[in-house]
Amino acid sequence: MARGSKDGKNRGRGAGNLPNREAFERMNFLLQSAQFYATLPTTNAEAAVTAVATAKGKDSDDSTTLDNDSSGGSSSGAPPQTSATMMPLARFYAKEMRLVSRKSVLRMSPHVKRSMCKVCLTPLLPGISSMTRVKGQRRSRRVITTCNYCQAQNRLFVNDDHVLFVDRPEHGTIS
């Protein structure tokens with residue numbers, strides 16, 4: 001019996017033997033989805049197309065596009081606005097990720113926890129959903145991250161010598 005034996009005798013601390021692998025993969029997918037949807041702008045194209053279709057009537061056979069619309073009605077013919085993002089969906093995925101970690105009793109990485117707002121679970125992406133500032137003098141510098149959605153602030157002291165526990169070589173997760 002070589003690799004992947006069913007009796008469990010050859011189980012060591014290798015990269016292939018991760019307990020709760022499916023839960024970690026699910027959490028990774030949800031994190032990536034939350035960060036993707038936080039950056040993705042939403043357009044009002046779907047709402048404009050349905051408004052144009054109802055203005056023309058249901059018996060119209062021609063296809064409705066935003067570029068060639070000159071029928072008036074509720075659509076102004078202007079390009080769709082891209083100011084809003086898919087942030088509610090991003091928060092939903094982040095909340096699901098936290099629920100998966102709690103139900104399967106798994107710890108999230110400190111890097112992942114620092115990349116999400118603790119109050120509203122918005123993925124904190126500098127310039128998109130958060131504002132990051134560095135304040136203080138040489139000895140007491142700190143990084144202040146402010147969530148643009150709920151205005152919650154996270155303060156982390158800057159210490160050049162500090163290394164997180166999960167980033168230390170003796171921790172065993174980094175090979």
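Residues numbered from 1 in each chain as written. Predicted model: local features only at pLDDT ≥ 70, side-chain atom pairs only at ≥ 80, totals over all residues. Heavy atoms only, no water.

Observations regarding the confidence of the model for the chain
Here is step 1 of the chain: With 63% of its residues at a pLDDT of 70 or more, the chain has an overall mean of 74.
Here is step 2 of the chain: Predicted confidence is poor over residues 47-52, with pLDDT under 50, and the contacts of this stretch with residues over four places away or in other chains come to seven contacts.
Here is step 3 of the chain: The model gives residues 58-83 a pLDDT under 50, and that stretch makes 25 contacts with residues more than four places away or in other chains. (pLDDT = per-residue confidence, 0-100. Contact = heavy atoms within 4.5 Å.)

A closer look at helix 3 (residues 87-103)
Here is step 1 of the chain: Spanning 17 residues, helix 3 covers 24 Å between terminal C-alpha atoms, matching the ideal 24 Å at 1.5 Å per step.
Here is step 2 of the chain: Contacts made by the buried residues of helix 3 are with helix 1 (21-39) and helix 4 (110-114).
Here is step 3 of the chain: Taken from the residues just after helix 3, valine 105 is the one with a positive phi, measuring 55°. (Helix = DSSP H or I, 4+ residues; strand = E, 2+ residues; numbered from the N terminus. Expected span 1.5 Å × (residues − 1).)

Description of the nonpolar core
Here is step 1 of the chain: Counting 14 residues, the largest nonpolar core has Met27, Met97, Met108 and Met116 as its most contacted members.
Here is step 2 of the chain: Mapped by element, the contributors of at least two residues to this core are helix 1 and helix 3. (Core = buried A, V, L, I, M, F, W, Y, C linked by side-chain atoms within 4.5 Å. Buried < 20%, exposed > 50% of the residue type's maximum accessible area, 1.4 Å probe, protein only.)

Some points on the pairing of strand 1 (residues 130-135)
Here is step 1 of the chain: Two strands pair when backbone bridges link them, and strand 1 and strand 2 (residues 142-147) are joined in this way by six bridges, in the antiparallel orientation. Looking across to strand 2, one finds that lysine 135 is bridged to arginine 142. (Pairing = 2+ DSSP bridges.)

Quick look at the packing of helix 1 against helix 3
Here is step 1 of the chain: Where helix 1 meets helix 3, the closest approach of the two axes is 8 Å, and the angle between their N-to-C directions is 165°. It follows from the interaxial angle that helix 1 and helix 3 lie roughly antiparallel. In this structure, helix 1 meets helix 3 at a crossing whose hand is left-handed. Across the interface between the two elements, Ala23, Arg26, Met27, Leu30, Leu31, Ser33, Ala34, Tyr37 and Ala38 of helix 1 pack against Met87, Leu89, Ala90, Tyr93, Ala94, Glu96, Met97, Val100 and Ser101 of helix 3.
Here is step 2 of the chain: Grouping the constituent residues of the contact of helix 1 with helix 3 by class yields 14 nonpolar, two polar and two charged. (Axes fitted to C-alpha atoms, helices over the stretch in contact; angles between N-to-C directions. Parallel < 35°, antiparallel > 145°, perpendicular 65-115°, else oblique. Left-handed = near helix turned anticlockwise from the far one by under 90°. Nonpolar A, V, L, I, M, F, W, Y, C, P; charged D, E, K, R; others polar.)

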